[in-house]
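# Results of the structural survey
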Amino acid sequence: MGYAYDYADAIMHRGRVLMEPINFVPNWPDQPRKGKFFPGVETFPLYDGSPAEDATVQDALDGARRDPALPFDLPLLSSMLQDSYGLVGRRLGVQANTDLRSLPTYTTANWNRGTASGGGLYPVSVYWVCGPSGPMPPGVYHYSTKHHAMQRLLTGDVTSAVREALGADPGTDQFLLLSVKYWQNAFKYNSFSFHAVTMDIGTIVQTWRLWAGARGRVVEPRLWFDEPRLADLLGVANEEEGIFAVVPLPWDSARPAAGAPARVSVRHRDQERSRTVLTFDQMHKIHAATVAGATDAPAPGALDAAAAHPPQPGRGRVALPPPTVLDIPVRAALRRRRSSFGRFDAKVPLTAEQLGTALAVSVRAPFTDEASGAGVVRLTKLYAFVNHVDGVPPGAYEYDPVGHALHLVKDGPPGPFLQKNYFLSNYNLEQAGVVIVPTIRTTAVLDAVGDRGYRLVNATIGAVSQSFYTAASALDVGGGVALGFDNISFIEELGLDGTGEAPLLIMLLGHERARPADFRYDIA
């Protein structure tokens, strides 16, 4: 067994056995930038606006119009990047999170985006490798989220190097590469950060899949490829910056590059703000473990053995109403997305329809990966701790996505259990209408596809959380996602000891207090 098993076990038990370094305190005055800074590079502003088609969240979920050959163009790519990771407004609402005091200060402002991020740190870097069929000169570009612009880092057609790293020709010469400079998250979360950033990969990819799917396009990430080769192309030290996904984009008139792959590298370097950059042993080990098998693509059907178990029969069943049709535009839903942070108010309970819609959306359009078969095989299962939902008695339930129903696991109000096992002070879990818990059989996935499967595990869970946030926004109810809880206590409470299921985050849904103090600060 590889190191990923040890890391996964440490993550699950961190509520009871602290991970190293114990008593770590972030050096906030010396924190890194939330993004990269390349001095002196050419910057090209991108299209700013919404595509003509009024695509809805329901369009994204139905996916009836999706065509893998339907191409992207520059306006579509620009809008997708802006709606997912671009800065679209400023967070100034009064809430219960620990960063409240820093929000009014411009230097520590919190800018909102359509995609969720662990700790609001947004560590994912988006690179565009543009080939000859693209609208820009061929080369490598970095997406600057602050400017909504492309920064040219290298000029020349290097798409053959990406194809070489993938080990196959995806039939296009346009690629998005997703990387994470670990220090952008590790300065705050140290050894835990690898766990968080792999979920961030899932959230941004899921936003793209929903956004593109609503417009008939297909986004299919690749997680297995020659990672050191692409790190060399981007000019980054792979032990400091992981390359997590390659997303081929269908494009008009895409054509292969001529000749052998070029052994060239980006020479521009991100200028680090922090004077002191720390490394963490567990971070280094889990990165190395997941890179070691980067080119060992799983065999077809490998994940079948890691599929989620079917719902257990013989327990109290609560049928749910059909899900709400979410006819709100995807862009509007993403603009409205936010974490509720202490604003939940149980005075107005959720409806069973709202609960059922959130559950149904969270398991639809699952994270996909062509090599492993993820997406074809359902890896996740949802549990619901119902506090205040009309027509659903309080208790812990297992969700059956096929029958669209809840199966009782444990009856009685779950509020005391939930709050007792939550570490932070930014939420009162009992005031949420429901707390939804996605699980995945982490060890079974690692058994099936190796240590690199840890990235797939967390990307899958991150994708579930992004779908959940989008559903909450479309329903116009409060939502929040948290990782600060005792994972083992949920295994015990739900009786999952023998199933191998790992609860990796919790998702809160409910109505918020009426007329909360807030400011409108839209910038895009």
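Use the structure listed above.
Described below are features of the structure shown in this document. (Residues numbered from 1 in each chain as written. Predicted model: local features only at pLDDT ≥ 70, side-chain atom pairs only at ≥ 80, totals over all residues. Heavy atoms only, no water.)

Before going further, it helps to examine the sheet that holds strand S1 (residues 42–45). Hydrogen bonds between backbone groups are what pair the strands of a sheet, and the pairing can be parallel or antiparallel. In space, the six strands of this open sheet follow the order S1-S6-S5-S4-S7-S8, with antiparallel pairing throughout. The sheet is open, and its two edges are formed by S1 and strand S8 (241–248), each paired on a single side. Pairs of neighbouring strands in the sheet enclose a mean axial angle of 30 degrees, with direction left out of account. Bridge count for strand S7 (residues 174–181) against S8 is seven bridges, and the pairing is antiparallel. By the bridge assignment for S8, Leu 176 is matched with Val 247. In this fold helix H6 (residues 193–213) packs onto strand S4 (124–130), S7 and S8, with an angle of close to 155 degrees to the strand it touches most, S7. (Pairing = 2+ DSSP bridges. Helix = DSSP H or I, 4+ residues; strand = E, 2+ residues; numbered from the N terminus. Axes fitted to C-alpha atoms, helices over the stretch in contact; angles between N-to-C directions. Contact = heavy atoms within 4.5 Å.)

Quick look at the packing of helix H1 (residues 3–12) against helix H12 (residues 442–449) now. It is at 10 Å that the axes of H1 and H12 come closest, and there the two elements cross at 170 degrees. For the element pair H1 / H12, the angle class is roughly antiparallel. For the pair H1 and H12, the contacting residues are Ala 4, Tyr 5 and Ala 8 in the first and Thr 442, Thr 443, Leu 446 and Asp 447 in the second. When the residues that make up the contact of H1 with H12 are grouped by side-chain class, the tally is four nonpolar, two polar and one charged. (Parallel < 35°, antiparallel > 145°, perpendicular 65-115°, else oblique. Nonpolar A, V, L, I, M, F, W, Y, C, P; charged D, E, K, R; others polar.)

With that settled, consider the pairing of strand S6 (residues 149–155). Here S6 lies mainly inside the structure; six of its seven residues are buried. As paired elements, S1 and S6 share four bridges and run antiparallel to each other. Residue pairing in the sheet places Phe 44 in a bridge with Met 150 of S6. Counted along the chain from strand S5 (residues 139–144) to the antiparallel partner S6, the turn is four residues long, and its residue His 148 has a positive phi close to 45 degrees. (Buried < 20%, exposed > 50% of the residue type's maximum accessible area, 1.4 Å probe, protein only.)

For the coordinates displayed, the defined rule picks out two cavities of 30 Å³ or more. In this model, the largest cavity occupies a volume close to 40 Å³. Taken together, Pro 32, Arg 33, Gly 35, Lys 181, Gln 184, Asp 270, Gln 271, Glu 272 and Arg 273 make up the full set of residues lining the largest cavity. Size it by volume and the second largest cavity reaches roughly 30 Å³. Every residue lining the second largest cavity is listed: Asp 345, Ala 346, Val 348, Pro 349, Leu 350, His 388, Gln 431, Ala 432, Gly 433, Gly 510 and His 511. (1 Å grid on protein atoms, 1.4 Å probe; cavity = no way out; pocket = protein on both sides within 12 Å on 5 of 7 lines; lining within 4 Å. Points joined across faces, edges and corners; volume = space filled by probe spheres on them.)

Right, let's talk about the packing of aromatic side chains for a bit. Going through the model one piece at a time under the given rule, you end up with 22 aromatic pairs. On the numbers, 6.2 Å between centres and 35 degrees between planes, the contact of Trp 128 with Trp 251 is tilted. In this pair, Trp 128 is assigned in strand S4 and Trp 251 in the loop between S8 and helix H8 (281–292), connecting sequence segments 123 residues apart. When sorted by exposure, Trp 128 lands in the same class as Trp 251, which is buried. An aromatic cluster is present here, built from Tyr 7, Tyr 182, Phe 194, Phe 244 and Tyr 454 joined pairwise through their rings. We note Arg 90 situated over the ring of Trp 111; from NZ or CZ to the ring centre the distance is 5.7 Å. One residue, Arg 452, lies across the ring of Phe 225, its end atom 5.1 Å from the ring centre. (Phe/Tyr/Trp six-rings, centres within 6.5 Å; stacked < 30°, edge-to-face > 60°. Lys NZ or Arg CZ within 6 Å of the ring centre and 35° of its normal.)

This part takes up the side chain of Asp 400. With respect to the helices and strands, Asp 400 occurs in strand S11 (residues 395–400). Here Asp 400 is buried and forms no salt bridge, its nearest opposite-charge partner Arg 317 lying at an N-O distance of 5.3 Å. At 3.1 Å, the side chain of Asp 400 forms a polar contact with the backbone nitrogen of Val 402. Discounting residues that sit within four places of it in the chain, Asp 400 has contacts with Pro 311, Ala 405 and His 407. (Lys, Arg positive; Asp, Glu negative; His and termini not counted. Salt bridge = Lys/Arg side-chain N within 4 Å of Asp/Glu carboxyl O. Polar contact = N/O pair within 3.5 Å; in protein donor to acceptor, adjacent residues only side chain to side chain.)

The next thing to look at is helix H3 (residues 74–84). Most of H3 is tucked away: nine of the eleven residues are buried. Along H3, the residues classified as buried are Leu 76, Leu 77, Ser 78, Ser 79, Met 80, Leu 81, Gln 82, Asp 83 and Ser 84. Of the surrounding elements, those touching the buried residues of H3 are S4, S5, S6, S7, H6 and helix H9 (330–336). By the N-cap criterion, in which a side-chain oxygen at the helix start approaches the backbone nitrogen of a residue two or three places on, H3 is capped by Asp 73, the distance to Leu 76 being 2.9 Å.

Structurally, the position occupied by Arg 337 is in the loop between H9 and helix H10 (352–363). Arg 337 sits in the buried class, given a relative accessible area of 5%. When the C-alpha atoms of Arg 337 and Ala 432 are compared, they prove to be 17 Å apart, with 95 residues separating the residues in sequence. Each residue touching Arg 337, except ones within four places of it in the same chain, is listed here: Arg 91, Arg 113, Gly 114, Thr 115, Ala 116, Tyr 122, Gln 466, Tyr 469 and Ser 473. Separated by 3.0 Å, the side chain of Arg 337 and the backbone oxygen of Gly 114 make a polar contact.

Such coordinate-based values are descriptive only and should not be taken to indicate function.
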